[in-house]
Amino acid sequence: MKHKKLIITLSVISGSLLLIIGAFFIYVGDYYKTDREAIEAFNYEGFTEKELDKDGTVAYIPNIAYDTGIIFYPGGKVEHTAYSPLMQALSSQGVLCVLVEMPFNLAVFDINGADGVRAQFDSVEHWYMAGHSLGGSMACSYIYENAESFEGIILLASYSTKDLSNSGIKVLTLYGTEDKVLNREKYDENKNNLPSDLVEYVIEGGNHAYFGTYGEQKGDGKATVTNKEQVEITANKILRFVK
């Protein structure tokens, strides 16, 4: 009788685990894919694209001398290549950009994805972390443990849950007026986790999704600027911040 009960219990546990695993893969399998047609509207030159490892992390290397580098974490459930136009816009102006591919397109599964990147680029003297949405928050978590290696962080529609207020890190934060995905209440609450001299810029007409090129995002507002305009505004603000 006890043996039979044990078999039933194990069967129930196994069945529950299978349901959880199945639900997880359904969740992560539904993600925002790069809009290849939208990317065709961008036409940047002056850089070389190089895959750094088998995991898909890509470096955008300027064809001119450079001393500044940005390591970028993509937004949650967004294919990392959706941010290639922003990386290209920056690298075409002399900034090395490294776009990290995340397991299941979620930066929370590889907060330390930036490890090992800096060692591959000896010419870079000024390093910055950056990220969009969830990616920005996870980049802040990485900075929290590695602040001495970076000069600043760039947050796109994101905020830090880690206290960086006394880290000495420079901070640039951007979001759009039409962003309906960013939790503004949490954004404002968590400002205390950032240095008081942070630089904040609000993109008039910008939304949440247009920092990348992956189409419309569920629950987002309707942008009154084009995807290309928002990317270029963002790139210009970042360039001014790091240079």
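Everything in this summary refers to the structure shown in the same document. The numbering scheme is per chain: residues are counted from 1 as the chain's sequence reads. Totals for whole chains, interfaces and linings use all residues, but because this is a predicted model, local features are given only for residues with pLDDT of at least 70 and pairs of side-chain atoms are given and counted only at 80 or more. Working from all heavy atoms in the structure, the side-chain values ignore hydrogens and water.

Here we take up the pattern of salt bridges. By definition here, a salt bridge exists when the distance from a side-chain nitrogen of Lys or Arg to a carboxyl oxygen of Asp or Glu is within 4 Å. Under the definition given, this model contains 2 salt bridges. The partner of Glu79 in a salt bridge is Arg36, with the nearest N and O atoms 3.5 Å apart. Linking Glu79 in the loop between β3 (68–73) and α3 (84–91) with Arg36 in helix α2 (residues 36–39), this pair joins segments that are 43 residues apart in sequence. A salt bridge links Lys191 to Glu200; the nearest nitrogen and oxygen atoms lie 3.0 Å apart. Under the DSSP-based scheme used, a helix requires at least four consecutive residues in state H or I and a strand at least two consecutive residues in state E, with every element numbered from the N terminus.

Turning our eyes to something else, we now look at a nonpolar patch on the surface. What makes a patch is a set of residues exposed beyond 30% relative accessible area and free of salt bridges, joined within 9 Å when like-charged and within 5 Å when nonpolar (Val, Leu, Ile, Met, Phe, Trp, Tyr). Per-residue and other accessible areas follow the Shrake-Rupley method at a 1.4 Å probe size, with only the shown protein chains counted as cover for residues. A surface patch of nonpolar side chains, about 270 Å² in accessible area, is lined by Phe104, Val108 and Phe109. A residue is classified by how much of its surface remains accessible, and Phe109, at 43% relative accessible area, is partly exposed. Each residue is placed in one exposure class: buried if its accessible area under a 1.4 Å probe, protein chains only, is under 20% of its type's maximum, exposed if it is over 50%, and partly exposed if it falls in between.

Moving on to the sheet that holds strand β1 (residues 47–51). On the basis of which strands lie adjacent, the open sheet formed by 8 strands has the order β1-β2-β4-β3-β5-β6-β7-β8 and mixed pairing. Each having just a single partner strand, β1 and β8 (199–203) make up the two edges of the open sheet. The mean angle between the axes of side-by-side strands here comes to 15°, regardless of whether they run parallel or antiparallel. Examined bridge by bridge, β3 and strand β4 (residues 96–99) share 4 bridges and lie parallel to one another. Bridging from a neighbouring strand, Gly69 pairs with Leu96 of β4. In this description, contact between two residues means that some pair of their heavy atoms is separated by no more than 4.5 Å. Axes here mean lines fitted to C-alpha atoms, for a helix over just the part in contact, with angles spanning 0 to 180 degrees between N-to-C directions. Running over the sheet, helix α4 (residues 134–146) touches β3, β5 (126–132) and β6 (152–156) and is turned about 145° from β5. Pairing between two strands is assigned when DSSP locates at least 2 bridges connecting them.

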